[in-house]
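Secondary and tertiary structure notes
Below, each chain spelled out in residue letters.
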Amino acid sequence: MEKPNFYWKSLDWEALTRDYPPPGLFEQTVGKMSEDEIRALQNARFLERVAEAWQYPFYRDRWVAAGLEPGDITSLGDIERISPFTTDDLKEAFVRQPPFGDHQPSSEDYFRDAHVRILTSGGTTGLPRVTLFDSRSLEIQGIQSARGFWAQGLRPSDIIQITYTNSLANAAWCTLNGAFHWIGAIPMTTGSGLVTSSARQLQYAAAWGTTAWFTRAEYLARLAEVAVETGFDLHGLRTRHIHSHIGPDANGTRRRALEEAWNAPVYDNYGTHEIGAIAFECREKSGMHISEDTVYVEIADIETGQLLGHGETGNLIATSLYRSVPPIIRFNMRDQLATFPRGKCGCGLCTLKLSNFRGRSDEMVKLRGTNVYPLACTEAIARDPRTNGEFICVVSHEGSGITQREKFVVRIERRGLSVDAQALRSDMDAALHRDLGVRVEVEIVDPGTLAEFTGLGFQNKTRRLLDLRK
Ligand SMILES: [Zn+2]
């Protein structure tokens, strides 16, 4: 006879909290381990994950083709023998074995016995990519998030307003699980501006006493704008801290502007759909602590793939040390960051640290010999009060044959229809030329027209490049 599966029976909770300590335990254990201790733990988990990955054609076929046999990888020291994969490789996994790919379990038996959820990422054309989450992955991702929130000051009495939508994307769920399951704070899941309008978000925060926010930097700026438009006093809220993804912010101007608007500290975090909250800032705001027992981080040169040392910016290659469903071994995220060496932080933690997020290498465009990153436009545009900060870079081909060249246009939204588009355009022209090191075309468009391209409010990562060359 068929029986229901109870979620609470799907995990050994004592073992889980011992192996992946949540806040309160983390700071006393994993969070202050020596380099040798953390390396030994990473090594043991890495070998377990590699053994599991051999079960899936996605890994097995790639590894066999590269001349590897089970047993060849004997420690983390051998990790470079495994070549990294990207989302392009994952896309092929779904083509070989629809609908869930040949890199994760999807048999009827497995689905009957396990607690599995379907979440998705990516997918600008066709169906988005499914990542399955078993109860272990969900809870450990909650623990990762909770470690960061705790270090940033979130406590059980806090009311945290989460402005990511609980839908198929993961960010809202791991935040909810982190705050609710592993801190005991009070989540208010208002979702994005599409679910709860910005004016309503502010009303609820005032009425119900929001003390913490989990919100994208772009949306924090938008809420501040709505506050000005509607005469709402943002400083009158009880906001104590804001947990965010700040993104590129070379000289800290973006953070400072947000902190002034909100009169509260804004903390940066870095995470990915598959691996969860990889790193978080503490109240020192001096680099992000990596949850090293959950992820092994490498930084590789964008062009050559050569591993880089501390302080050098390159692609982040992540290996999940806890995920069995699906295993994630050397995933080149194509996100650009740098690592900082281990050392005791003012907050008491001792971990490897990560820089802020500096851009997406798959959004890089080679323009007349110069590497141009759309995100490098962010600061100049956000700094000018005549824009609302929204933009997208559109790259296309112009001409044909040997005269064919790349055309790079930055479309920027003006704040209102009264803004002089001509004057703004010529100022932006000069500012972007200075910041990018190459001349680009600028087009000024009306507010709200770019949302359908950038995905603002729809996805967790705002798209800044529209590539029409393919
Ligand atoms: Zn710290």
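The structure displayed is predicted, hence computed values, not measured ones. (Residues numbered from 1 in each chain as written. Predicted model: local features only at pLDDT ≥ 70, side-chain atom pairs only at ≥ 80, totals over all residues. Heavy atoms only, no water.)

So, the coordination of the zinc ion
- Protein ligation of the zinc ion involves Cys282 (SG), His289 (NE2), Cys345 (SG) and Cys347 (SG), the donor distances falling in the range 2.1 to 2.3 Å.
- Relative to the metal, the 4 donor atoms surrounding the zinc ion lie at angles of 103 to 112°, and the coordination shape comes out tetrahedral.
- Sequence spacing among the residues donating to the zinc ion works out to C-x6-H-x55-C-x1-C. Of the two residues, His289 sits in strand S9 (residues 288-290) while Cys345 sits in the loop between strand S13 (339-344) and strand S14 (350-354), which places them 56 residues apart along the sequence. (Donors = N, O, S within 2.8 Å, 3.2 Å for Na, K, Ca; no water. Tetrahedral: all angles 85-135°; square planar, octahedral: opposite > 155°, others 65-115°. Helix = DSSP H or I, 4+ residues; strand = E, 2+ residues; numbered from the N terminus.)

Observations regarding the domain arrangement of the protein
- Once the domains are mapped, the protein shows domain 1 (1-361) and domain 2 (364-467).
- Relative placement of domain 1 and domain 2: their C-alpha centres are 29 Å apart.
- Contacts between the two partners involve 25 residues from domain 1 and, on the opposite side, 19 residues from domain 2.
- Area buried by domain 1 at its contact with domain 2 is led by Arg216, Glu218 and Glu225, which between them contribute 26% of it.
- The salt bridge involving Glu225 is made with Arg415; its shortest N-O contact spans 2.8 Å.
- Our enumeration of links across domain 1 and domain 2 arrives at 1 residue pair in polar contact (both at pLDDT 80 or more). (Domains from an automatic or database assignment. Contact = heavy atoms within 4.5 Å. Buried area = accessible area lost by both parts, 1.4 Å probe. Salt bridge = Lys/Arg side-chain N within 4 Å of Asp/Glu carboxyl O. Polar contact = N/O pair within 3.5 Å; in protein donor to acceptor, adjacent residues only side chain to side chain.)

Notes on the pairing of strand S19 (residues 405-414)
- Where strand S18 (residues 387-398) meets S19, 9 bridges bridge the pair, whose relative direction is antiparallel. Note that in S19 the partner of Val395 across the bridge is Phe408.
- From the end of S18 to the start of S19, which pair antiparallel, there are 6 residues, and Gly399 there has a positive phi angle of about 75°.
- When S19 meets strand S20 (residues 441-445), the two strands line up parallel, connected through 5 bridges. Its bridge partner lying in S20, Val409 is registered against Glu441.
- Taken together, S19, helix H12 (residues 421-436) and S20 constitute a β-α-β crossover, and its handedness is right-handed. (Pairing = 2+ DSSP bridges. Right-handed = clockwise from strand over helix to strand, strands pointing away.)

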